[in-house]
Amino acid sequence: MIKQENEPYQCSPTLVSASKLERRFFSASEEGFIRFLLISIIVLTSFCFASAQKKDSCVECHTRLEGKLSEPVQQFNDNIHKARGLSCNDCHGGDPTQDDKRAAKDPMKGYIGKPKPSDIPAFCGKCHSDADLMKRFNPSLRVDQEREYLTSIHGQRLKTGDQKVATCVSCHGVHNIRAITDPLSSVYASNVADTCAKCHANADYMKGYNIPTDQYNKYRQSVHAKALYEKQDLSAPTCNDCHGNHGAAPPGLASVANVCGQCHVRQAELFQASPHKAKFDQMQLGECIRCHNNHDIMQPSDEMIGTGAKSVCTSCHTPGDKGFVAAGLIRARIDELSNGINNSTEILDRAERKGMEVSRPKFELREAVDALTHARVLIHTSSPEEVDKVIGPGLEVSKKGYQSGVAALAEMNFRRKGLVVSLVFILFLATLVLLKVREIESRQSA
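Residues numbered from 1 in each chain as written. Predicted model: local features only at pLDDT ≥ 70, side-chain atom pairs only at ≥ 80, totals over all residues. Heavy atoms only, no water.

Caption draft 1: Spotlight on the overall build of the protein. Scanning the protein from N- to C-terminus turns up 23 helices and zero strands. Looking at the protein residue by residue over its 446 residues, the buried ones come to 25%. Within the protein, counting contacts between residues at least 6 apart in sequence, those at least 24 apart form 56% of the total. Of the roughly 30,300 Å² that the protein leaves accessible, carbon and sulfur atoms contribute 59%. (Helix = DSSP H or I, 4+ residues; strand = E, 2+ residues; numbered from the N terminus. Buried < 20%, exposed > 50% of the residue type's maximum accessible area, 1.4 Å probe, protein only. Contact = heavy atoms within 4.5 Å. Areas by Shrake-Rupley, 256 points an atom, 1.4 Å probe, with all protein chains shown as cover.)

Caption draft 2: Highlighting the confidence of the model for the protein. Of the residues in the protein, 88% have a pLDDT of 70 or more, and the chain-wide mean is 87. Within the model, pLDDT remains below 50 along residues 1-26, and this stretch shows three contacts once partners closer than five positions in the same chain are excluded. Long-range and interchain partners of residues 47-52, a stretch whose pLDDT sits below 50, account for zero contacts in this model, where long-range means more than four residues apart. (pLDDT = per-residue confidence, 0-100.)

Caption draft 3: Local environment of helix 7 (residues 120-128). Taken residue by residue, helix 7 has Ile120, Pro121, Phe123 and Gly125 as its buried positions. On the buried face of helix 7, the contacting elements are helix 5 (88-92), helix 9 (145-149), helix 10 (153-159) and helix 11 (168-172).

Caption draft 4: A look at the packing of helix 20 (residues 322-353) against helix 22 (residues 366-378). Packing of helix 20 against helix 22 brings their axes to within 10 Å, and their N-to-C directions diverge by 155°. Comparing their axes, helix 22 and helix 20 come out roughly antiparallel. Read as a crossing pair, helix 20 and helix 22 show a hand that is left-handed. Residue-level contacts link Ile334, Leu337, Ser338 and Ile341 of helix 20 to Ala368, Val369, Ala371, Leu372, Ala375 and Arg376 of helix 22. Its residues assigned to classes, the contact of helix 20 with helix 22 shows eight nonpolar, one polar and one charged. (Axes fitted to C-alpha atoms, helices over the stretch in contact; angles between N-to-C directions. Parallel < 35°, antiparallel > 145°, perpendicular 65-115°, else oblique. Left-handed = near helix turned anticlockwise from the far one by under 90°. Nonpolar A, V, L, I, M, F, W, Y, C, P; charged D, E, K, R; others polar.)

Caption draft 5: Geometry of the pattern of salt bridges. All told, the structure shown has 25 salt bridges when counted by the stated rule. With a closest N to O distance of 2.8 Å, Lys109 and Asp95 form a salt bridge. Remark: Asp95 occurs in the loop between helix 5 and helix 6 (101-104) and Lys109 occurs in the loop between helix 6 and helix 7; sequence separation between them is 14 residues. Two residues, Arg266 and Glu269, come together in a salt bridge whose shortest N-O distance is 4.0 Å. Here Arg266 and its partner Glu269 are both found in helix 17 (residues 265-272), three residues apart, which amounts to about one turn of the helix. (Salt bridge = Lys/Arg side-chain N within 4 Å of Asp/Glu carboxyl O.)

Caption draft 6: Spatial organisation of the packing of aromatic side chains. Inspection of the entire model under this criterion finds two aromatic pairs. Taking the centre distance of 6.5 Å and the plane angle of 80° together, the rings of Tyr219 and Tyr229 count as edge-to-face. With a gap of 10 residues between them, Tyr219 in helix 13 (residues 215-220) and Tyr229 in helix 14 (residues 223-230) connect regions that are remote in the sequence. Both residues of the pair, Tyr219 and Tyr229, belong to the buried class. When the centroid spacing of 5.2 Å and the interplanar angle of 75° are considered together, the rings of Phe271 and Phe280 count as edge-to-face. You'll find Phe271 and Phe280 in the same group, each marked buried. Over the ring of Phe123 we find Lys126, and its NZ or CZ is 4.8 Å from the ring centre. (Phe/Tyr/Trp six-rings, centres within 6.5 Å; stacked < 30°, edge-to-face > 60°. Lys NZ or Arg CZ within 6 Å of the ring centre and 35° of its normal.)

Caption draft 7: Structural context of the nonpolar core. Counting 26 residues, the largest nonpolar core has Ile334, Leu337, Ala351, Ala375, Val387 and Ile391 as its most contacted members. The set of elements that each furnish at least two residues to this core consists of helix 20, helix 22 and helix 23 (384-445). The element contributing the most residues to this core is helix 23, with eight residues. If near-sequence neighbours (up to four positions away) are discounted, Ile334 is found in contact with Asp302, Ile305, Leu372, Ala375, Arg376, Ile379, Val387 and Ile391. Membership of the second largest hydrophobic core comes to seven residues, among which are Tyr219, Ala225, Leu228 and Ala236. (Core = buried A, V, L, I, M, F, W, Y, C linked by side-chain atoms within 4.5 Å.)

Caption draft 8: A look at the packing of helix 17 against helix 22. Two elements in contact, helix 17 and helix 22, have axes whose closest approach is 9 Å; the angle formed by their N-to-C orientations is 50°. One finds that helix 17 runs oblique with respect to helix 22. Two secondary-structure elements touch here, helix 17 through Arg266, Gln267 and Leu270 and helix 22 through His374, Val377 and Leu378. Of the residues belonging to the contact of helix 17 with helix 22, the class tally is three nonpolar, two polar and one charged.

Caption draft 9: Quick look at a nonpolar patch on the surface. Together, Phe425, Phe428, Leu429, Leu432 and Leu435 make up an exposed nonpolar region whose accessible area comes to about 490 Å². Mapped onto the secondary structure, Phe425 falls in helix 23. (Patch = residues over 30% accessible without salt bridge, like charges linked within 9 Å, V, L, I, M, F, W, Y side chains within 5 Å.)

Caption draft 10: Broad picture of the state of the cysteines. Summed over all chains, the structure comprises zero disulfides. Residue Cys127 stays outside any disulfide, its sulfur separated by 6.3 Å from that of Cys91, the closest cysteine. Its relative accessible area of 23% is what places Cys127 among the partly exposed residues. Free of any disulfide, Cys199 has its nearest neighbouring cysteine sulfur in Cys171, separated by 7.7 Å. (Disulfide = S-S within 2.5 Å.)

As structure tokens, this is what we get:
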């Protein structure tokens, strides 16, 4: 066939198919080879880069060691600093890319071994006092801990050369530092007291400081410790809530009330306005701890009020003086309301068990319970008149509740009597009917 001008050239189907297959074959081979080559280069480059980045002669060396020398590596696995991408050299300096021990620990490259206790605040502070650096991890983190620590009793004694006082690592740990929100952290709320007790409950270690070493044992018996450990209430106070943490210092007589008042705000306000305030200042008595103690603070009870054997009022007041009389009056009124609530609750419960509807008076009785709680707070005013302002309405509510219980039981008795009368009447009618039936039957049979 002769190709005409402008006529497209046509190959046979066999030639076209062979040409396409040939082009596809070579194209796929070249593309696959190039892809394989690129992937290999990327993988090798990444592997070499990663190997260079992961090179840490500190970890490699200490991992091979035994005993205490290997502990830093093991403990550092759970360290908050490692979780943030830091490693040994970020704290200790040196060159972790060097296998030679001397080169890795070259002082010219900033190597620092185990710091002395007096150097630790600055050792940790080189990062934690650097606002720009800490913003890379968490902009909300404080950067004044080092400065605050130097104002603490620990920091002040450290300046004098006392090497036994607590520093950063004494509380936070060394290589096993965890986030404060980690339940395994030594400064987690439920672990703080144990951490402080490592020093403060050790009588031998604390020799020469002239401070008690029974604070921990007393605290464990307190109402605060029960809330923290038994109820798992992490807001319950522990050592650092009252003494501070980085700026730890024992509260003095002039400041202890402010410490307690951070949580017990209402009680603190009432005491500040009471006649006791001026007297306590004059006699230099600790406002809250005089009655409640400090570390072994127990659950307050009504026995602490009044003039009884367990009263705290009688530690200052004697029979006949104004305070003694006021304490007796306050206790009598509180007992009156407490007994009224108990009596009302008992009779309403009895009525409820017998099937009477008393949910409303039981609900209303809560007002009396609230009044009793309020009255127990108002004792900090030392004023029987102030206490009576809430006791009076509370008593009215409790009396109303008691009357409701009496009425419910009376109604129950009335219902029972009515039921008995009804049953007797029904039986009487049934008997008459039975007799009438027998009379009719006897007539029919006759």
